[in-house]
Amino acid sequence: DVSSPKQGKVDPNNMPHVGGNTWAGGTGGRDTAGLGGKGGPYRLDAGHKVYQVSQAEKDAVPEEVKRAAREMSEKAFKQRLKEIQMSEYDASTYERFSGAVRRQVQSLRIILDNLQ
């Protein structure tokens, strides 16, 4: 069961972690920032293979946990914007322009990677 969202511990060796609710950047777990899990505050990719919990499990997360996760995510987002000296308006403007060329940038990255 999920209890409350949290960042989770950072593994200094960046080992892959699957399941549980301890490690930041893990996959398929609960409560912590990571990928493929449920109840975590935001997505955090540590570069490992992603193990996905079912949509039914995600849908079963209590509303108060979802609300707490959204609040924690919003707080972390605002803190990150502050760190990089960007306003919420700047972020939305960046996202608007970035989104318009996202596919082209991805295609260009693939081409450049193949050339290297």
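Residues numbered from 1 in each chain as written. Predicted model: local features only at pLDDT ≥ 70, side-chain atom pairs only at ≥ 80, totals over all residues. Heavy atoms only, no water.

A few points about the side chain of Asp31
If you trace the backbone, Asp31 turns up in the loop between β1 (26-27) and β2 (34-35). Those residues in contact with Asp31, other than ones at most four positions away along the chain, are Asp1, Val2, Ser3, Ser4, Pro5, Lys6, Asn21, Lys38, Gly39, Gly40 and Pro41. (Helix = DSSP H or I, 4+ residues; strand = E, 2+ residues; numbered from the N terminus. Contact = heavy atoms within 4.5 Å.)

A closer look at helix α3 (residues 88-115)
The principal kink in α3, of about 55°, is found at Arg102. Those residues of α3 not exposed but buried are Ala91, Thr93 and Ser98. Those residues of α3 hidden inside the fold are in contact with α2 (63-83). (Bend = angle between axes of the 7 residues up to and from the residue. Buried < 20%, exposed > 50% of the residue type's maximum accessible area, 1.4 Å probe, protein only.)

Notes on α2
For α2, which comprises 21 residues, the first-to-last C-alpha distance of 30 Å matches the rise-based estimate of 30 Å (1.5 Å per residue) to within 8%. What α2 keeps buried is the set Val65, Ala69 and Leu81. Buried positions in α2, seen along its axis, are confined to an arc of 140° and lie on one side of it. In α2, the exposed positions that point more than 90 degrees away from the buried face belong to Glu64, Glu71, Lys75 and Lys82. Packing partners of the buried residues in α2 comprise α3. Once α2 ends, the next one or two residues include Gln85, with phi positive near 55°. (Expected span 1.5 Å × (residues − 1). Arc of directions from axis to C-beta.)

Quick notes on unusual backbone geometry
Phi at Asp31 takes a positive value of approximately 75°, unusual for a residue other than glycine. Within the chain, Gln85 stands out as a residue other than glycine whose phi angle is a positive 55°.

Observations regarding the domain arrangement of the protein chain
The domain boundaries assigned to the protein chain delineate domain 1 (1-85) and domain 2 (87-115). Relative placement of domain 1 and domain 2: their C-alpha centres are 24 Å apart. (Domains from an automatic or database assignment.)

A short note on the pattern of salt bridges
Opposite charge on two side chains makes pairing possible when the charged atoms of those side chains draw close. On inspection of all chains with the given rule, the structure shows 7 salt bridges. Notably, a salt bridge pairs Lys78 with Glu88, separated by 3.9 Å at the nearest N-O pair. Taken together, the residues Lys78 in helix α2 and Glu88 in helix α3 connect sequence positions 10 residues apart. Taking the relative accessible area as the measure of exposure, Lys78 reaches 41% and is therefore partly exposed. For Glu88, a relative accessible area of 45% gives the class partly exposed. Look at the salt bridges and you will find they share partners, linking Glu74, Lys78 and Glu88 into a network. (Salt bridge = Lys/Arg side-chain N within 4 Å of Asp/Glu carboxyl O.)

Observations regarding the environment of Arg43
Positionally, Arg43 belongs in the loop between β2 and α1 (55-59). Beyond its immediate sequence surroundings of up to four residues, Arg43 is in contact with Gly34 and Leu35.

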